Amino acid sequence: DTGVSQNPRHKITKRGQNVTFRCDPISEHNRLYWYRQTLGQGPEFLTYFQNEAQLEKSRLLSDRFSAERPKGSFSTLEIQRTEQGDSAMYLCAMGGSYEQYFGPGTRLTVT
Amino acid sequence: AQSVTQLDSQVPVFEEAPVELRCNYSSSVSVYLFWYVQYPNQGLQLLLKYLSGSTLVESINGFEAEFNKSQTSFHLRKPSVHISDTAEYFCAVSEGASKIIFGSGTRLSIRP
């Protein structure tokens, strides 16, 4: 158990709909990360928070994607107007000293 | 920019045989190196890490990796694999507390 929970675990949505994922760290960590993993690939970095401040965003994070961490604890990732290319596993991770600990992920399928 | 190359997308080996999963990285600064493992239908787990000090690092289940700065490599090895080692293995690099860059993964399949 990495101490990171993600909900929902699976989400099926129709193209054009909005979806929101949630990440809850069980223990206190300053740094929280979002990654996306498609089939046959390693995770790709999306964005990163230190406490409630969003410090870095990947160019993969188009304007349809938004992430928040309002109180420096849990975080949400919203995708607006979903496209079939958004189908992937979305991973949340908490930062240790240098390594990161990953949650189980939310698998998104856009039909 | 950082990048990670895992040359082998799949590595089939027989049970109790040795295995090496290759990883090369590129970075312009000092790096921290990791191997993560993803067992079937499970999340990513940290297998081992190199931060500083001894270039040979070990995991609790018998894997080891050696940091070779001159060859920019961090290959993962195990002298004798078990069926339970069947998984996808990801090599990764970071420059600090920011993002981790992952390789594309190597699927290790163990034949009885």
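Because the structure is predicted, anything quoted here is derived from the model rather than measured.

1. Thoughts on the packing of aromatic side chains
Phase 1 of the analysis: In total, this model carries 14 aromatic pairs over all chains according to the counting rule given.
Phase 2 of the analysis: Here Tyr35(A) and Phe102(A) contribute two aromatic rings whose centre-to-centre distance is 5.4 Å and whose plane-to-plane angle is 55 degrees, an arrangement assigned as tilted. Residue Tyr35(A) is found in strand E4 (residues 31–37), and its partner Phe102(A) is found in strand E10 (residues 100–102); the two are separated by 67 residues along the sequence.
Phase 3 of the analysis: Taking relative accessible area as the criterion, Phe102(A) reaches 2% and is therefore assigned buried.
Phase 4 of the analysis: Cluster of aromatic residues (ring-pair linked, three or more members): Tyr33(A), Tyr35(A), Phe45(A), Tyr48(A), Phe102(A), Phe34(B), Tyr36(B) and Phe102(B).
Phase 5 of the analysis: Here the basic side chain of Arg22(A) rests over the ring of Phe74(A), its NZ or CZ set 3.9 Å away from the ring centre.
Phase 6 of the analysis: Sitting above the plane of the Phe14(B) ring, Arg111(B) keeps its charged end 5.7 Å from the centroid.

2. A word on the interface of chain A and chain B
A common measure of how large an interface is: the accessible area buried when the components associate.
Phase 1 of the analysis: Counting from both sides, the interface comprises 17 residues of chain A and, opposite them, 18 residues of chain B.
Phase 2 of the analysis: Carbon and sulfur atoms make up 59% of the area that chain A and chain B hide from each other, which totals about 1500 Å².
Phase 3 of the analysis: The largest per-residue losses of area from chain A upon contact with chain B belong to Tyr98(A), Glu99(A) and Phe102(A), which jointly make up 35% of the total buried on that side.
Phase 4 of the analysis: At the surface where chain A touches chain B, the tally comes to 2 salt bridges.
Phase 5 of the analysis: For Glu56(A), the salt bridge goes to Lys99(B), with nearest N and O atoms at 2.6 Å.

3. Details of the pattern of salt bridges
All names here are of chain B.
Phase 1 of the analysis: For the coordinates displayed, the defined rule picks out 10 salt bridges over all chains.
Phase 2 of the analysis: The salt bridge involving Asp-8 is made with Arg-22; its shortest N-O contact spans 3.0 Å. Here Asp-8, found in the loop between strand E1 (3–5) and strand E2 (10–14), pairs with Arg-22, found in the loop between strand E3 (19–21) and strand E4 (24–26); they are 14 residues apart in sequence, far enough to count as distant.

4. A few points about the side chain of Asp85(B)
All names here are of chain B.
Phase 1 of the analysis: The residue Asp-85 is located in the loop between strand E9 (73–78) and strand E10 (87–94) in this model.
Phase 2 of the analysis: The buried category is assigned to Asp-85, whose relative accessible area is 3%.
Phase 3 of the analysis: Once residues lying within four places of it in the same chain are set aside, the contact partners of Asp-85 are Asn-61, Phe-63, Lys-78, Leu-108 and Ile-110.

5. Notes on the sheet that holds strand E3 (residues 19–25) of chain A
All names here are of chain A.
Phase 1 of the analysis: As summarised here, the arrangement of the 4 strands in space is E1-E3-E8-E7, forming an open sheet in which the pairing is antiparallel. Looking at which strands have only one partner, the edges of the open sheet turn out to be strand E1 (4–7) and strand E7 (65–68). For this sheet, the mean inter-axis angle between neighbouring strands, taken without regard to orientation, is 15 degrees.
Phase 2 of the analysis: The pairing of E3 with strand E8 (residues 75–79) spans 5 bridges and is antiparallel. When the sheet's bridge partners are listed, Val-19 is paired in E8 with Ile-79.

Calculation rules
- Residues numbered from 1 in each chain as written.
- Chains lettered and ligands numbered in written order.
- Predicted model: local features only at pLDDT ≥ 70, side-chain atom pairs only at ≥ 80, totals over all residues.
- Heavy atoms only, no water.
- Phe/Tyr/Trp six-rings, centres within 6.5 Å; stacked < 30°, edge-to-face > 60°.
- Helix = DSSP H or I, 4+ residues; strand = E, 2+ residues; numbered from the N terminus.
- Buried < 20%, exposed > 50% of the residue type's maximum accessible area, 1.4 Å probe, protein only.
- Lys NZ or Arg CZ within 6 Å of the ring centre and 35° of its normal.
- Contact = heavy atoms within 4.5 Å.
- Buried area = accessible area lost by both parts, 1.4 Å probe.
- Salt bridge = Lys/Arg side-chain N within 4 Å of Asp/Glu carboxyl O.
- Pairing = 2+ DSSP bridges.
- Axes fitted to C-alpha atoms, helices over the stretch in contact; angles between N-to-C directions.

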